[in-house]
Amino acid sequence: DDLTTLTASAALWQLEKDSRSVTGRVFQILEKQLRLPLPPSMVGGNQGQHVDATEQLFMRSADLFSQMNLDEPMKARALALLESFCKKSDRIFIRMLLLPSMVELGLSRNQCIEVFRTGLRQEEGYYRIQAARLLMRVGSKHSLDGVDLEALLQDKDVGVRVYSAI
């Protein structure tokens, strides 16, 4: 199955440190998954913190991509696949889980900030805290000019205030 193939590819990369030997298979798996329909329960909204097998494939692939020293065309291809999945699933939980890897692959500042803002607009505290934590991570790669950090320091959730103060 695809998860086994992806796990084997990650193990091969760990042994050989040759991204060319595994990226082709990983790209094929992700492209195939993007062609398949998602179950209705996975599309849109937040659906809590549940992660299914398809989402695990994309999360493991994203982690693998961020460990590799990919050239720019490979980074762009990996990022495009991850972005396509985020749009297809329309789940903020998955988008936030993939964000650190996507930042490493070259996701633009504006797209990063949009993920942060979407997470912060959620009612559930977990999403808001995760968004604030991610903003600080994005800030290590991109400018945070235009983000109202003072408002975050005054947020109703103590976790948001703590991550904003870091």
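1. Remarks on the overall build of the protein
Piece 1. Scanning the protein from terminus to terminus reveals nine helices and zero strands.
Piece 2. Of the regular secondary structure in the protein, the N- to C-terminal order runs α-α-α-α-α-α-α-α-α.
Piece 3. Burial status across the protein gives 43% buried among its 166 residues.
Piece 4. Sequence separation of 24 or more characterises 71% of the internal contacts of the protein that already satisfy a separation of 6 or more.
Piece 5. Carbon together with sulfur atoms contributes 52% to the accessible area of the protein, which is approximately 8600 Å² in total.

2. Digging into the confidence of the model for the protein
Detailed conclusions should not be drawn from predicted coordinates in areas where pLDDT is low.
Piece 1. The predicted model of the protein has a mean per-residue pLDDT of 84, with 84% of residues at 70 or higher.
Piece 2. Per-element averaging of pLDDT across the protein places helix H9 (residues 158–165) at the bottom with 66 and helix H4 (residues 72–89) at the top with 95.

3. Some points on helix H5 (residues 92–105)
Piece 1. In this model H5 runs 19 Å from its N-terminal to its C-terminal C-alpha over 14 residues, within 8% of the 20 Å that 1.5 Å per residue would give.
Piece 2. Taken as a whole, H5 carries its principal kink of about 50° at Leu-99; the proline Pro-100 stands between one and four residues after it.
Piece 3. Most of H5 sits out of view: eleven of its 14 residues are buried.
Piece 4. Among the residues making up H5, those that are buried are Ile-92, Phe-93, Ile-94, Met-96, Leu-98, Leu-99, Pro-100, Ser-101, Met-102, Val-103 and Leu-105.
Piece 5. On its buried face, H5 sits against helix H3 (53–67), H4, helix H6 (109–120) and helix H7 (125–139).

4. Side note on H3
Piece 1. Here H3 contains 15 residues, and its C-alpha end-to-end distance of 21 Å stays within 8% of the 21 Å for a straight helix at 1.5 Å per residue.
Piece 2. Within H3, the full set of buried residues consists of Thr-54, Glu-55, Leu-57, Phe-58, Ser-61, Ala-62, Leu-64 and Phe-65.
Piece 3. Where H3 is buried, its residues contact helix H1 (2–16), helix H2 (23–35), H4 and H5.
Piece 4. The backbone nitrogen of Thr-54 lies 3.2 Å from a side-chain oxygen of the residue at the head of H3, namely Asp-52.

5. Here's the deal with the packing of H6 against H7
Piece 1. Contact geometry of H6 with H7 gives a least axis separation of 7 Å together with a crossing angle of 160°. By the angle between their axes, H6 is roughly antiparallel relative to H7. As H6 runs across H7, the sense of the crossing is left-handed. Here Cys-112, Ile-113, Phe-116, Gly-119 and Leu-120 of H6 come into contact with H7, specifically with Tyr-127, Arg-128, Ala-131, Ala-132, Leu-135 and Val-138.
Piece 2. Class assignment of the residues belonging to the contact of H6 with H7 gives a composition of nine nonpolar, one polar and one charged.

6. Brief notes about the side chain of Ser-19
Piece 1. Along the polypeptide, Ser-19 turns up in the loop between H1 and H2.
Piece 2. Ser-19 has contacts with Trp-13, Met-68, Asn-69 and Leu-70, leaving out every residue within four places of it along the chain.

7. Overview of the packing of aromatic side chains
Piece 1. Inspection of every chain in the model, using the stated rule, returns five aromatic pairs.
Piece 2. The interplanar angle of 5° and the centroid separation of 4.0 Å between the aromatic rings of Phe-58 and Phe-85 together place this pair among those described as stacked. One end of the pair, Phe-58, is in helix H3; the other, Phe-85, is in helix H4, with 27 residues separating them in the sequence.
Piece 3. With a relative accessible area of 0%, Phe-58 lands in the buried category.
Piece 4. With 6.3 Å between their ring centres and 85° between their planes, Phe-93 and Tyr-127 make a pair best called edge-to-face.

8. So, unusual backbone geometry
Piece 1. Positive phi is not limited to glycine here, since Lys-17 has a value of about 55°.
Piece 2. Of note, Lys-17 is situated in the loop between H1 and H2.
Piece 3. Here Asp-90, not a glycine, exhibits a phi torsion of approximately 55°, which is positive.
Piece 4. Looking at where Asp-90 falls in the secondary structure, it is placed in the loop between H4 and H5.
Piece 5. On the basis of relative accessibility, which here comes to 46%, the residue Asp-90 falls in the partly exposed class.

Reading the values: rules and limits
Residues numbered from 1 in each chain as written. Predicted model: local features only at pLDDT ≥ 70, side-chain atom pairs only at ≥ 80, totals over all residues. Heavy atoms only, no water. Helix = DSSP H or I, 4+ residues; strand = E, 2+ residues; numbered from the N terminus. Buried < 20%, exposed > 50% of the residue type's maximum accessible area, 1.4 Å probe, protein only. Contact = heavy atoms within 4.5 Å. Areas by Shrake-Rupley, 256 points an atom, 1.4 Å probe, with all protein chains shown as cover. pLDDT = per-residue confidence, 0-100. Expected span 1.5 Å × (residues − 1). Bend = angle between axes of the 7 residues up to and from the residue. Polar contact = N/O pair within 3.5 Å; in protein donor to acceptor, adjacent residues only side chain to side chain. Axes fitted to C-alpha atoms, helices over the stretch in contact; angles between N-to-C directions. Parallel < 35°, antiparallel > 145°, perpendicular 65-115°, else oblique. Left-handed = near helix turned anticlockwise from the far one by under 90°. Nonpolar A, V, L, I, M, F, W, Y, C, P; charged D, E, K, R; others polar. Phe/Tyr/Trp six-rings, centres within 6.5 Å; stacked < 30°, edge-to-face > 60°.

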